[in-house]
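Below, each chain spelled out in residue letters.
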Amino acid sequence: MNPIGVFDSGFGGLTVARAILDQLPNEDMIYLGDTARAPYGTKSLPQVREYSLECLDYLADQEVKALVIACNSASSAVLRDARERYDVPVIDVILPSAKRAASQTRNGRVGVICTQATATSASYDDALDAVPGIDLVTATCPAFVEYVEAGITSGTELMQVARDYLLPLREADIDTLILGCTHYPLLQGIISYIMGEDVSLVSSAEECAKETYAQLTDLGLLSDAKTSTRRFLTTGAPEPFEGIGLRLLGGFVSEVEQLYTLS
């Protein structure tokens, strides 16, 4: 009956949280967004590791039954350490997405769009190295996070930015594109429009949710409660967090609490 703990550097992981509760509506959840120190994508990997472990330690202290790292940058920096550090399942966004892309590609040419921290870590390269015949093309799209957090998911300005980022990937003849940041599913419409119908999109949020369902099922950890609760915690100001959550995800986010115990 313990809750699922979901951690992200900020708001993007809300897409993961919602996808998990869409598949597991009877589960309690605690979501922690480290908005006071976001974005992680522009920070060094050692710094991301420090911040991530601090947040995950907090969630582990809440006696969660699983930890979901709903952030590609954090997953890149801390996944191995986290699996050794905690005695509950630790689920990330990178490995499930890479697995889906490898099974889905028809020509072996896979693209990933992500933050600079994720690109620098080469996490997707490592995840796909073991799959023969895969050629990975990586592009960083830093402005996408800024647009999403400003509540902008369409418009001529964003369209031009998206074209600049995505057209080189289309020209590289990829047939599968991993949305390697949990903000990016909120831009799926514009990304799909530019890439065209022949390119399949892999949402790290959806694949992480599927993996969460699978692991909890295999371990016999699913809740049989008839009702569920969810808490939203942020290290920054709760009002912007709740405002962005309401604007982008409807009524999913409410009663955001500010967490003062982290540095």
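Definitions and cut-offs
- Residues numbered from 1 in each chain as written.
- Predicted model: local features only at pLDDT ≥ 70, side-chain atom pairs only at ≥ 80, totals over all residues.
- Heavy atoms only, no water.
- Pairing = 2+ DSSP bridges.
- Helix = DSSP H or I, 4+ residues; strand = E, 2+ residues; numbered from the N terminus.
- Contact = heavy atoms within 4.5 Å.
- Axes fitted to C-alpha atoms, helices over the stretch in contact; angles between N-to-C directions.
- Buried < 20%, exposed > 50% of the residue type's maximum accessible area, 1.4 Å probe, protein only.
- Right-handed = clockwise from strand over helix to strand, strands pointing away.
- Parallel < 35°, antiparallel > 145°, perpendicular 65-115°, else oblique.
- Left-handed = near helix turned anticlockwise from the far one by under 90°.
- Nonpolar A, V, L, I, M, F, W, Y, C, P; charged D, E, K, R; others polar.

Points about the sheet that holds strand 10 (residues 257-258)
Spatially, the six strands line up as an open sheet ordered 4-3-1-2-9-10, and their pairing is parallel. The open sheet has two edge strands, strand 4 (90-91) and strand 10, and neither has a second partner. In this fold helix 2 (residues 45-61) packs onto strand 1 (4-8), strand 2 (29-33), strand 3 (66-69) and strand 9 (230-234), with an angle of close to 160 degrees to the strand it touches most, strand 1.

Some words on the pairing of strand 3
Side-chain positions along a regular strand alternate between the two faces of the sheet. Going residue by residue along strand 3, you find Ala66 and Val68 tucked away on one face and Leu67 and Ile69 tucked away on the opposite face as well. Pairing analysis gives four bridges linking strand 1 to strand 3, with the strands arranged parallel. Residue pairing across strands places Gly5 opposite Leu67, the latter belonging to strand 3. One ladder, built from two bridges, connects strand 3 with strand 4; its direction is parallel. In the strand pairing of strand 4, Val68 is matched with Ile91. After leaving strand 3, the chain enters helix 3 (residues 72-85) and then returns to the sheet as strand 4, a path that is right-handed.

Concerning the packing of helix 2 against helix 3
As a packed pair, helix 2 and helix 3 sit with axes 8 Å apart at the nearest point and diverge in direction by 50 degrees. The angle between helix 2 and helix 3 falls in the class oblique. For the pair helix 2 and helix 3, the crossing hand works out as right-handed. Here Leu45, Val48, Arg49, Ser52, Leu53, Leu56 and Asp57 of helix 2 come into contact with helix 3, specifically with Ser73, Ala74, Ala77, Val78, Asp81, Ala82 and Arg85. Residue classes in the contact of helix 2 with helix 3 are distributed as eight nonpolar, two polar and four charged.

Examining the packing of helix 1 (residues 14-23) against helix 11 (residues 238-249)
Relative to each other, helix 1 and helix 11 sit at 55 degrees, their axes nearing to 11 Å. Classified by the angle their axes make, helix 1 and helix 11 are oblique. Between helix 1 and helix 11 lies a crossing whose hand is right-handed. Across the interface between the two elements, Leu14, Thr15 and Arg18 of helix 1 pack against Phe241, Gly245 and Leu249 of helix 11.

That's the geometry; what it means functionally is another story.
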